[in-house]
Amino acid sequence: MAKRCRYCDEPVNAIYHVQTAFHDICNKPDCKERLKNACPTMLACGHPCSGFAGETSHLPCLHADCAERSKEYLSNQTGDDYCNICFTEGLIQAPDVRLKCGHIFHVHCLNKRIETRWHRPRITFNFCYCPLCKLWAEVPPEYPLAKVMAENKALYDDIRKKARERLRFEDMEKDPKIITPGSPWYNRPIDFALATFSYYLCFKCKKPYFGGKKNCELAMEEEKQGVEGFKAEELVCSNCCDVGVHVQNCQTHGKDYIEFKCRFCCSVATWFCWGTTHFCEPCHKRQCNGDHVSKYTKDKLPKCTSKEACPLKVAHPPNGEEFALGCGACRNIKENARDF
């Protein structure tokens, strides 16, 4: 009786690959592609390893009869269980990787999840968490994308630090959502800050920058929605844009809090388009949806009557002109009349 390919379940009528562990893999292009990531080791039980090429510690056997003896270590997963990223194929139908939390996924599924990163302009880190237990997806150090995950962790830690500092100078450490029992953010100030403050990745310097506040409940809902196309090259921080407006670095806080005003309203800018124009998130959405605010004359844009009435609490030229707000941290300190 002919063997069946462990990846596609079609008959294997010949030996297509030299290594003994690959004798049960056919010669179809898709299966050969998966083979590139497969561990070539035969386990002591006589079954081929389901792990990835180059791994230093092998997965216990995922075949049902063997996996039963290792179910605690395998988090009750066997080769017949679906990968909880693709939900279309069993774990044994492709090379797998075991995260530090213990959960196992297809290598190609996890790679795609990591490489796709966030789907929207706003930086989020859902792709870095295990889909099953929601812990950070710690991969083995020899895993091909281990360096990428380390870079993601460094970015996450940087944004956490920035968000915590901004929560302080925005005077929001005692926001009702943080101090009210029953709130999703009760006693979770940093998680609240990450949900409330928007950070974007500068296309030029590749560093995160602040892009304004965001309703935290709305932010959670948007994370559940589909992919939204955007132009990464239009996300440029204040330090990297050149619009002929002089921006002086803050002697206290450096460049981290330098901000621009949206050209079309009284909001902090997030987007820098065409190398000339700053947009906030709402105005950019209007522009992309066909309501071209960039074509409005100044008399059609919102009027800012005074510094006191302005949401930004600064005196600035009429909407329709570029304007650098300077250091957001210093501006908030002056508003709150307290030390940062």
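**Re the overall build of the protein**
Turning to step 1, where the next piece is worked out: Counting its regular elements, the protein contains nine helices and 10 strands.
Turning to step 2, where the next piece is worked out: Residue burial in the protein is summarised as follows: out of 340 residues, 45% are buried.
Turning to step 3, where the next piece is worked out: Of the roughly 18100 Å² that the protein leaves accessible, carbon and sulfur atoms contribute 51%.

**Structural notes on the packing of aromatic side chains**
Turning to step 1, where the next piece is worked out: Scanning the entire structure with this criterion turns up 13 aromatic pairs.
Turning to step 2, where the next piece is worked out: Arranged with centres 6.4 Å apart and planes meeting at 20°, the rings of Phe-125 and Phe-127 form a pair that is stacked. The burial state of Phe-125 is the same as that of Phe-127; both residues are buried.
Turning to step 3, where the next piece is worked out: Both rings, one in Tyr-200 and one in Tyr-209, keep their centres 5.9 Å apart while their planes meet at 35°; by these two values the pair is tilted.
Turning to step 4, where the next piece is worked out: Assessed through its relative accessible area of 9%, Tyr-209 is described here as buried.
Turning to step 5, where the next piece is worked out: Through successive ring pairs, a cluster of aromatic residues spans Trp-118, Phe-125, Phe-127, Tyr-129, Trp-136 and Tyr-156.
Turning to step 6, where the next piece is worked out: Over the ring of Trp-136 we find Lys-153; its NZ or CZ atom is 5.9 Å from the centre of that ring.

**Re helix α3 (residues 107-116)**
Turning to step 1, where the next piece is worked out: Taken residue by residue, α3 has Val-107, Cys-109, Leu-110, Asn-111 and Ile-114 as its buried positions.
Turning to step 2, where the next piece is worked out: Those residues of α3 that are buried are in contact with β3 (96-98), β4 (104-106) and α4 (146-169).

**Things to note about empty space enclosed by the protein**
Turning to step 1, where the next piece is worked out: What the rule picks out here adds up to three cavities of 30 Å³ or more.
Turning to step 2, where the next piece is worked out: In terms of lining residues, the second largest cavity is bounded by Tyr-209, Phe-210, Val-236, Cys-237, Ser-238, Ile-258, Glu-259, Phe-260, Val-268, Ala-269, Thr-270 and His-278.
Turning to step 3, where the next piece is worked out: Counting only elements with at least two residues in the lining of the second largest cavity, the list comes to β6 (208-213) and β7 (258-260).
Turning to step 4, where the next piece is worked out: Here the lining of the second largest cavity takes three residues from β7, the largest share from any one element.

**Topic: the environment of Arg-263**
Turning to step 1, where the next piece is worked out: Mapped onto the secondary structure, Arg-263 falls in the loop between β7 and β8 (271-273).
Turning to step 2, where the next piece is worked out: Separated by 59 residues in sequence, Arg-263 and Glu-322 place their C-alpha atoms 5.3 Å apart.
Turning to step 3, where the next piece is worked out: With near-sequence residues (within four places) excluded, Arg-263 lies in contact with Thr-276, Thr-277, His-278, Leu-301, Asn-319, Gly-320, Glu-321 and Glu-322.
Turning to step 4, where the next piece is worked out: A distance of 3.2 Å separates a polar atom in the side chain of Arg-263 from the backbone oxygen of Thr-276.
Turning to step 5, where the next piece is worked out: Engagement of the side chain of Arg-263 in a polar contact is seen with the side chain of Glu-322, the distance being 3.1 Å.

**What to know about unusual backbone geometry**
Where the residue is not glycine, phi is negative for most of them; where a peptide bond is considered, it is trans in most cases.
Turning to step 1, where the next piece is worked out: The residue Lys-134 is not glycine, and still its phi comes out positive at about 70°.
Turning to step 2, where the next piece is worked out: Positionally, Lys-134 belongs in the loop between α3 and α4.
Turning to step 3, where the next piece is worked out: Its identity as a non-glycine residue notwithstanding, Lys-206 has a phi of 65°, on the positive side.
Turning to step 4, where the next piece is worked out: By the element assignment, Lys-206 lies in the loop between β5 (197-201) and β6.

**Description of the side chain of Gln-77**
Turning to step 1, where the next piece is worked out: Relative to the helices and strands, Gln-77 is located in the loop between α2 (64-67) and β3.
Turning to step 2, where the next piece is worked out: A polar contact is formed between the side chain of Gln-77 and the backbone nitrogen of Ile-104, at a distance of 2.9 Å.
Turning to step 3, where the next piece is worked out: Among all residues touching Gln-77, those that are not within four sequence positions of it are Leu-62, Ala-67, Leu-91, Gly-102, His-103, Ile-104 and Leu-132.

**With respect to the packing of α4 against helix α6 (residues 189-196)**
Turning to step 1, where the next piece is worked out: Contact pair α4 / α6: the axes reach a minimum separation of 9 Å and the direction vectors enclose 95°. Comparing their axes, α6 and α4 come out roughly perpendicular. Contacts between α4 and α6 pair Tyr-156, Ile-159, Arg-160, Ala-163, Arg-164 and Leu-167 from the former with Pro-189, Ile-190, Asp-191, Phe-192, Ala-193 and Leu-194 from the latter.
Turning to step 2, where the next piece is worked out: Taken together, the residues of the contact of α4 with α6 sort by class into nine nonpolar, no polar and three charged.

Rules behind the numbers
- Residues numbered from 1 in each chain as written.
- Predicted model: local features only at pLDDT ≥ 70, side-chain atom pairs only at ≥ 80, totals over all residues.
- Heavy atoms only, no water.
- Helix = DSSP H or I, 4+ residues; strand = E, 2+ residues; numbered from the N terminus.
- Buried < 20%, exposed > 50% of the residue type's maximum accessible area, 1.4 Å probe, protein only.
- Areas by Shrake-Rupley, 256 points an atom, 1.4 Å probe, with all protein chains shown as cover.
- Phe/Tyr/Trp six-rings, centres within 6.5 Å; stacked < 30°, edge-to-face > 60°.
- Lys NZ or Arg CZ within 6 Å of the ring centre and 35° of its normal.
- Contact = heavy atoms within 4.5 Å.
- 1 Å grid on protein atoms, 1.4 Å probe; cavity = no way out; pocket = protein on both sides within 12 Å on 5 of 7 lines; lining within 4 Å.
- Points joined across faces, edges and corners; volume = space filled by probe spheres on them.
- Polar contact = N/O pair within 3.5 Å; in protein donor to acceptor, adjacent residues only side chain to side chain.
- Axes fitted to C-alpha atoms, helices over the stretch in contact; angles between N-to-C directions.
- Parallel < 35°, antiparallel > 145°, perpendicular 65-115°, else oblique.
- Nonpolar A, V, L, I, M, F, W, Y, C, P; charged D, E, K, R; others polar.

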